[in-house]
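Now for the letters of each chain:
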Protein chains: 2
Amino acid sequence: MSQPAPITAAILVIGDEILSGRTQDTNTGYIARFLGALGIDLREARVVPDVQAEIVDALNALRGRYTYVFTTGGIGPTHDDITFEAVAAAFGVGCYYHPEAMAAMAARYKPGEFNDARRRMAYIPVGAELVRNTVSTAPGVHIGNVFVMAGVPMIMRAMMDAIEPKLQRGAVVHAATVQTKVPEGRLAEGLKKIQVDHKEVAIGSYPFYREDGNGVQLVARGRDAAEVETAALEIEAMLRDLGAEGIRITA
Amino acid sequence: MSQPAPITAAILVIGDEILSGRTQDTNTGYIARFLGALGIDLREARVVPDVQAEIVDALNALRGRYTYVFTTGGIGPTHDDITFEAVAAAFGVGCYYHPEAMAAMAARYKPGEFNDARRRMAYIPVGAELVRNTVSTAPGVHIGNVFVMAGVPMIMRAMMDAIEPKLQRGAVVHAATVQTKVPEGRLAEGLKKIQVDHKEVAIGSYPFYREDGNGVQLVARGRDAAEVETAALEIEAMLRDLGAEGIRITA
């Protein structure tokens, strides 16, 4: 059965605070799962600093390669928030004060509080559409195949909800996970055979070391739910042949 | 005062499990802080899938740009572990069974258990040196300016300890963090002035939304500890001028 062309995506995380180790990025995992539920394949993620040339180069590399690019970070009112200008530079356009964004933000603040710094959050690339921010008003933007979102997780999540209706959807990837205590080195040969027999299923092996014991999670992922289930059943049978057991978990 | 050339680094995370959202990457943050303590600047991070061409392209882009590249993931015994072959391809070399790695691993396993799958973990790029793995024996490797490590955090951390003596060190970046409840939009103008006055200090503004209240962390980072402290004192004074207070935190 021939598959339609996959819908692909990349994430561009913009922020010195991730690269310094100060802040643990959790947006990538959230966006990955969000896109996965829509049948969109996340193929790459990059983290770059708050430096315009770095943002431009990465964005141009990614937007040429994938169906969508999602950026996080750098759209606030302070001097280190340079994402809108960088995105505009990547697209070869200027920025302007978007009337609708200006009006929404003017309505949010008390008289005299909608100052120049806050107006910067409405200074967006020419040709971009707004992405609604139900948390704190200042919008994200959508230009070409690029969605520009906030870095604060609560706001990013609200923006993803606003973006969702605009996205093409693909066939969802199904996953089955079998957990076992058999070491990877003992199950590798049998697992490889199952992978060879199911080329449309991606089988991954992920060892873990925990205080309550070590083990491995064997994950079968693919768009054909029946074939994923067949692969998982074969993994369980392979483990039984090794005199061990595997338990299904929802990872 | 002229600074010596910075020592820079990139991280290449190799693994479908990060891009599917199944696994939360924490290695990037750990490595960022580890390198920071050595005065090495992490400038970029990328996540790519378990696909040789993707690993090769990313690795070649990164190793040409930064002093060091650190990879995580894909060096186990299962079919989805393809990092050593990919790194060899990036360097245009083959792989071979490294005698010292073979001997160490043969000694670890019981007779008959050092099978073909496990031998793959000793099949490393020609010209690479071993990186010791005190947790589970199977080594990482060091080739050119690239360090290839495991993805399991416990093992990656042991490998970073083994790598540390090989790394050049730079001047450490000092940081001071002032936390306040003043909204970013009110402090942005004053903060920008402080940034303009201290070009060698990078000042970042990071809002947070928590159940116990919202706020902003203002972070000054730089290699001159006295100038970082001066910037932090100016941030505190600026907040006082706004009728608010800032508290120092160790972030």
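What counts and how
Residues numbered from 1 in each chain as written. Chains lettered and ligands numbered in written order. Predicted model: local features only at pLDDT ≥ 70, side-chain atom pairs only at ≥ 80, totals over all residues. Heavy atoms only, no water. Pairing = 2+ DSSP bridges. Helix = DSSP H or I, 4+ residues; strand = E, 2+ residues; numbered from the N terminus. Contact = heavy atoms within 4.5 Å. Buried area = accessible area lost by both parts, 1.4 Å probe. Salt bridge = Lys/Arg side-chain N within 4 Å of Asp/Glu carboxyl O. Polar contact = N/O pair within 3.5 Å; in protein donor to acceptor, adjacent residues only side chain to side chain. 1 Å grid on protein atoms, 1.4 Å probe; cavity = no way out; pocket = protein on both sides within 12 Å on 5 of 7 lines; lining within 4 Å. Points joined across faces, edges and corners; volume = space filled by probe spheres on them. Nonpolar A, V, L, I, M, F, W, Y, C, P; charged D, E, K, R; others polar. Patch = residues over 30% accessible without salt bridge, like charges linked within 9 Å, V, L, I, M, F, W, Y side chains within 5 Å. Areas by Shrake-Rupley, 256 points an atom, 1.4 Å probe, with all protein chains shown as cover. Buried < 20%, exposed > 50% of the residue type's maximum accessible area, 1.4 Å probe, protein only. Phe/Tyr/Trp six-rings, centres within 6.5 Å; stacked < 30°, edge-to-face > 60°.

Right, let's talk about the pairing of strand β10 (residues 202–210) of chain A for a bit. Residues and elements named next belong to chain A. Sheet analysis places β10 next to strand β11 (residues 213–222), joined by nine bridges and oriented antiparallel. Considered in β11, the bridge of F208 is made with G215. Between β10 and β11, which pair antiparallel in sequence order, lie two residues.

Facing the 55 residues of chain B at the interface are 55 residues of chain A. In total, about 4400 Å² of surface goes out of reach between chain B and chain A, with carbon and sulfur atoms giving 55% of it. When the buried area of chain B at its contact with chain A is split by residue, R22, H79 and Y209 of chain B rank highest and sum to 16% of it. The tally of links from chain B across to chain A stands at two salt bridges. Taken together, the connections running from chain B to chain A amount to 19 residue pairs in polar contact (both at pLDDT 80 or more). Take the side of chain B that touches chain A: its biggest share by element is eight residues, from helix α8 (residues 184–197) of chain B.

Moving on, we get to empty space enclosed by the protein. One simple way to see leftover space: roll a probe sized like a water molecule over the atoms. Applying the stated criterion across every chain, the model contains two cavities of 30 Å³ or more. Every residue lining the largest cavity is counted, 19 residues in all, and those nearest its centre are Q24, D25 and T28 of chain A together with D25 and T28 of chain B. Counting residues per element, the lining of the largest cavity draws most heavily on strand β2 (residues 40–48) of chain B, at three residues. The residue makeup of the lining of the largest cavity, split by class, is seven nonpolar, nine polar and three charged. Taken as a whole, the second largest cavity holds about 50 Å³ of empty space. For the second largest cavity, the full set of lining residues is G74, I75, G76, D81, I82, T83, F84, E85, R120, M121 and Y123 of chain A. For the lining of the second largest cavity, the element with the most residues is helix α4 (residues 83–91) of chain A, which contributes three residues. Looking at the lining of the second largest cavity residue by residue, the classes come out as five nonpolar, three polar and three charged.

Residue and element names in this part refer to chain A. Judged by side-chain polarity, V93, Y96 and V126 come together as a nonpolar surface patch covering roughly 210 Å² of accessible area. Examined against the element boundaries, V126 turns out to sit in the loop between β5 (123–125) and β6 (129–131). Judged by its relative accessible area of 41%, V126 falls in the partly exposed class.

Attention shifts here to the environment of T230 of chain A. All names here are of chain A. You can see T230 is positioned in helix α9 (residues 225–241). Judged by relative accessible area, which is 32%, T230 ranks as partly exposed. Between the alpha carbons of T230 and G170 there is a distance of 22 Å; along the sequence they are 60 residues apart.

All right, on to the packing of aromatic side chains then. Residue and element names in this part refer to chain A. Taken as a whole and assessed by the stated rule, the structure comprises 12 aromatic pairs over all chains. Plain terms: the ring middles of F70 and F147 are 5.4 Å apart, the flat faces sit at 15° to each other, and that makes the pair stacked. Here F147 lies in strand β8 (residues 146–149) and F70 lies in strand β3 (residues 68–72), a separation of 77 residues in the sequence. Of the residues examined, F70 reaches a relative accessible area of 0% and is grouped as buried.

Read these as geometric descriptors, not functional statements.
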